[in-house]
Amino acid sequence: MGFDGANFGVALKRLAQAIAPERPALVHGECRVSWGEMDALTDRIAAGLAARGLKPGDIAGQMLRNRPDYVLAYFGCIKAGVVPVNVNYHYKARELADIFSRFGLKALFTEGDFAEVAREAMPEDTLTVDVDGPDWAELCAHDLPAQFAVHDDPQALFLTATGGTTGMPKAVMWPMAAAWQAFSIGVWQRGPGASPFVAASLDEQAAEAATIGPDHPASTSPLLLLSPLMHGAGQFTAVIHLLKGGTLALLPAPKFDADCALDEIKRIGARGLFIVGDAFALPIADRLDARGDGAAVLASLRSITSSGAVFSPALKQRLIAHHPSLMIIDALGSSESSGTGIVITTAAGSTGGGKFQPLPGRETKLFDENLKEIPPGSDGVGIVARTGPLPLGYLGEEEKNRQTFPEIGGQRWLMTGDRARWAADGTMEFIGRDNMCINTGGEKVFPEEVEAVLQGHPAVHDVRVVSLPDPRFGRKVVAVIEPEGGAPGEGLADALDAHARAGLAGYKIPRLYLFTEGSLRLNNGKPDYKAAQALADAAQAH
């Protein structure tokens, strides 16, 4: 019988038994947690949760910034059989109360800044643990009972709360065995042209993790994780890296800061960096350009991986210019799919001509709105769907589950929400998210595709594409531009229009170009479409 994966808590303990106990597991500034310490602490946390009345299957949230306590609480829950779920720390009491009620939280890990609002929102008879307070210290010091054992069910769940782009967040239910396969935790790359090694047992996984230590040529550690752990991309990356025996580094700052990130890459000798598209790449590239020390700062870095947001080709090239041996891995995925597509960029160019290509080993198809397959060689844009290891669905969302995980031809599929078309060479070209689509005159325009083209113009610092009502076409495409240097040069709108027409079909061309000196991003670096839409609405009103 094949090895289909393990319970994450069991796997963490088995790896800790094989790995040198002093190997760093977590790095956060001057704070270091070794593999031996992480295993012991998560055992104590698990025992402490059980002593406080939590049972296998109960749900506990992590409402924390990127800090070692997040990871310790996560694996402590898993070792107790308690189901962890990420909670956005930006939420206020009303939003939290809704989530806590729908998800059925029995416990919440939070920190000083958020503890008061969290306690107000949590239902009665539930546990709230402030990791800056004495309750957390007591959990971490809890005496292990003689009969303590790690919960070992490989079908035990963890939950991943979605970003809530189409309403309030939903909780994706992942069995650990399915996630082990979907996340390729047991797959170890052997280098270009070589077949990967696939662990056929937990012992093989542990042995490989023990062998590939921080000084091994194949090691990707330390991996500096900039993406928030409270989002699926960050959570998945952290779990994968640790269940391969890696060293996970977290930024020693309360929020993302490009200078701090660059300094930390150099200080710890990071080999890998994980970001969320342009939201992180743009300020990093800007600071590298301004500082002029890119060669020294990035000397240890082998790869940058991004997922969860658009990563513009022009920004990839700006980063590579500072470190020509850098490999950039741009992954397309979601909380429901883990990974769907990938494009790899180096100084020599990009795989698939810069277009996302489906990940190997998974059946991927295009379907129309009626769930009819669009075969290769056909025209039209369809919804990307895949089979393979999948989550059980959304917690308590039966109708949404039927829509997102339909059975087609006797097989269960995930409708990813990504839109794509078949290219002439038979490859799949991903073009945008379904929920961002602009319908103009019956044609569908995906903002990310238009933004990527406009971002390639040297006078564009940042861009958002929105829409306005149009008497003929229903909606018209509008580009809101933040120019380089703050003010638009003379004739920039005409230059951008010509640039767009060179790379896009006519119906995708913005009918209006607006310029702003303000940022088109939220405080967390993500695209601010609301601000862009407000500027467009104001322009139309005048």
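Quick notes on the rules
Residues numbered from 1 in each chain as written. Predicted model: local features only at pLDDT ≥ 70, side-chain atom pairs only at ≥ 80, totals over all residues. Heavy atoms only, no water. Pairing = 2+ DSSP bridges. Helix = DSSP H or I, 4+ residues; strand = E, 2+ residues; numbered from the N terminus. Axes fitted to C-alpha atoms, helices over the stretch in contact; angles between N-to-C directions. Buried < 20%, exposed > 50% of the residue type's maximum accessible area, 1.4 Å probe, protein only. Arc of directions from axis to C-beta. Contact = heavy atoms within 4.5 Å. Phe/Tyr/Trp six-rings, centres within 6.5 Å; stacked < 30°, edge-to-face > 60°. Lys NZ or Arg CZ within 6 Å of the ring centre and 35° of its normal. Parallel < 35°, antiparallel > 145°, perpendicular 65-115°, else oblique. Nonpolar A, V, L, I, M, F, W, Y, C, P; charged D, E, K, R; others polar.

Colleague: Account for the sheet that holds strand E20 (residues 381-386), naming residues and giving values.
Modeller: The antiparallel open sheet is built from four strands, whose spatial order is E19-E20-E24-E25. Either end of the sheet is taken by a strand with one partner, and the two such strands are strand E19 (364-367) and strand E25 (428-433). Each adjacent strand pair in this sheet contributes to an overall mean axis angle of 45°, direction not counted. As paired strands, strand E24 (residues 414-422) and E25 are joined by five bridges and run antiparallel to one another. In the strand pairing of E25, aspartate 418 is matched with arginine 433.

Colleague: Quick one: what's the story with helix H16 (residues 492-501), residue by residue and with numbers?
Modeller: Since there are 3.6 residues in each turn of an α-helix, residues three or four apart along the chain are aligned in direction. When we look at burial in H16, the residues that qualify are Leu492, Leu496, Asp497 and Ala500. The buried residues of H16 occupy one face: seen down the axis, they fall within an arc of 135°. Among the structural elements, helix H15 (447-455), strand E28 (460-470), strand E29 (474-483) and strand E30 (512-515) are those in contact with the buried residues of H16.

Colleague: Can you break down helix H5 (residues 112-121) residue by residue, with the values?
Modeller: If you check which residues of H5 are buried, you get Phe114, Ala115, Ala118 and Ala121. One side of H5 holds all its buried residues, which, seen down the axis, span an arc of 135°. Turned more than 90 degrees away from the buried face of H5, the exposed residues are Glu116 and Glu120. In this fold, the buried residues of H5 make contact with strand E3 (59-63), helix H4 (93-103), strand E5 (105-110) and strand E6 (127-130).

Colleague: Requested: an account of the packing of aromatic side chains, with residues and values cited.
Modeller: Enumeration over the complete set of coordinates arrives at eleven aromatic pairs. Plain terms: the ring middles of phenylalanine 3 and tryptophan 180 are 5.7 Å apart, the flat faces sit at 80° to each other, and that makes the pair edge-to-face. On the criterion of sequence distance, the pair formed by phenylalanine 3 in the segment before helix H1 (8-18) and tryptophan 180 in helix H7 (residues 176-182) is long-range, its members being 177 residues apart. For phenylalanine 3, a relative accessible area of 22% translates into the label partly exposed. Aromatic rings pair up to connect Phe8, Phe158, Trp174, Phe183 and Phe236 into one cluster. If you follow lysine 170 out to its NZ or CZ, it ends over the ring of tyrosine 394, 5.5 Å from the centre.

Colleague: Run through the side chain of aspartate 330, naming residues and quoting values.
Modeller: Mapped onto the secondary structure, aspartate 330 falls in strand E15 (residues 327-332). With relative accessibility at 2%, the residue aspartate 330 sits in the buried group. Excluding anything up to four places from it in sequence, aspartate 330 contacts Ser306, Phe311, Lys316, Gly341, Ile342, Val343 and Phe356.

Colleague: Talk me through the packing of H1 against helix H3 (residues 68-80); I want residue IDs and the actual numbers.
Modeller: Across the interface, H1 lies against H3 with an axial gap of 8 Å and an inter-helix angle of 110°. By the angle between their axes, H1 is roughly perpendicular relative to H3. Across the interface between the two elements, Phe8, Gly9, Leu12 and Lys13 from H1 touch Tyr74, Phe75, Ile78 and Lys79 from H3. Across the contact of H1 with H3, the residue classes tally to five nonpolar, one polar and two charged.

Colleague: Describe the pairing of E29, listing the residues and the values that go with them.
Modeller: Counting buried residues in E29 gives seven out of ten residues, a clear majority hidden from the surface. Pairing analysis gives ten bridges linking E28 to E29, with the strands arranged antiparallel. Bridge pairing links proline 469 to arginine 475 in E29. If you look at the hairpin formed by E28 and E29, you'll find three residues sitting between the two strands.

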